[in-house]
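Okay, here's what each chain looks like letter by letter:
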Amino acid sequence: MYFSYMPNIYYDFTDADGKQTLKVLKDITTNVRLIRSLLENITVYDEYDIVDGETPEIIAAKVYGNPLYHWVIMLANEKFDYREDFPLDYTNLMKRVERIYGTGDVNVYGTHHYEATLIDGHTYIVNSDHPDAYPVSNFEYEDRLNESKRRIKLISKPVLDAVVKQYSQMFA
């Protein structure tokens, strides 16, 4: 559905033996400019909190009744990489932390940085010698980043048909 509206281009491939083959591909670069202008005109979105294990297809099926609208969710949130742009479940988050910082409690729960909540009520990164400093572990830091990916915007169901229609007309 998503790619079907995009125009075709011809691309000349050369294999390892030097043989050239002309292939027909979808011009995905056209879409990036056009979809941003379309999404800027939508003023009201619904908010949705992603549950562990949900993919854009699952969310689209649940919310829109059709998993093929996963592309609308991805574009509305400017998310393009399932692995990096969507929250991980606990097991995969722990694997990520161990891959980045190393295994064992010393590495996983070692200090990433220090923070302090100051008089204005905001939390700031501070030096360890600040009187109100408290440590933030590597796991806590990565968990916060992961949780920040959980809330997404959804184009409301009544607006969805209009968005899909406009999108298809961009390539007509």
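Please read these numbers as outputs of a predicted model, since none were measured by experiment.

Details of the pattern of salt bridges
Next up, step 1: Counting across every chain of the model gives 9 salt bridges.
Next up, step 2: With a shortest N-O distance of 2.7 Å, Asp-49 and Arg-151 are connected by a salt bridge. Note that Asp-49 is positioned in strand E3 (residues 45-49) and Arg-151 in strand E7 (residues 151-155), a separation of 102 residues in sequence.
Next up, step 3: The shortest N-O distance in the salt bridge between Glu-54 and Lys-62 comes to 2.5 Å.
Next up, step 4: Glu-54 sits in the buried class, given a relative accessible area of 12%.
Next up, step 5: Members of the salt-bridge network, linked through shared partners, are Glu-47, Asp-49 and Arg-151.

Details of the nonpolar core
Next up, step 1: Grouped together as the largest cluster of nonpolar side chains are 20 residues, with contacts concentrated most on Ile-59, Tyr-64 and Tyr-69.
Next up, step 2: Counting only elements with at least two residues in this core, the list comes to helix H2 (56-64), helix H3 (70-76), E7 and helix H8 (157-170).
Next up, step 3: The dominant element in this core, judged by the number of residues it contributes, is H3, at 6 residues.
Next up, step 4: Ile-59 has contacts with Tyr-48, Ile-50, Glu-54, Tyr-64, Ile-73, Phe-86, Ile-152 and Leu-154, leaving out every residue within four places of it along the chain.
Next up, step 5: Leu-93, Met-94, Val-97 and Val-108 belong to the second-largest nonpolar core, a separate cluster that totals 5 residues.

Reading guide: rules and limits
- Residues numbered from 1 in each chain as written.
- Predicted model: local features only at pLDDT ≥ 70, side-chain atom pairs only at ≥ 80, totals over all residues.
- Heavy atoms only, no water.
- Salt bridge = Lys/Arg side-chain N within 4 Å of Asp/Glu carboxyl O.
- Helix = DSSP H or I, 4+ residues; strand = E, 2+ residues; numbered from the N terminus.
- Buried < 20%, exposed > 50% of the residue type's maximum accessible area, 1.4 Å probe, protein only.
- Core = buried A, V, L, I, M, F, W, Y, C linked by side-chain atoms within 4.5 Å.
- Contact = heavy atoms within 4.5 Å.

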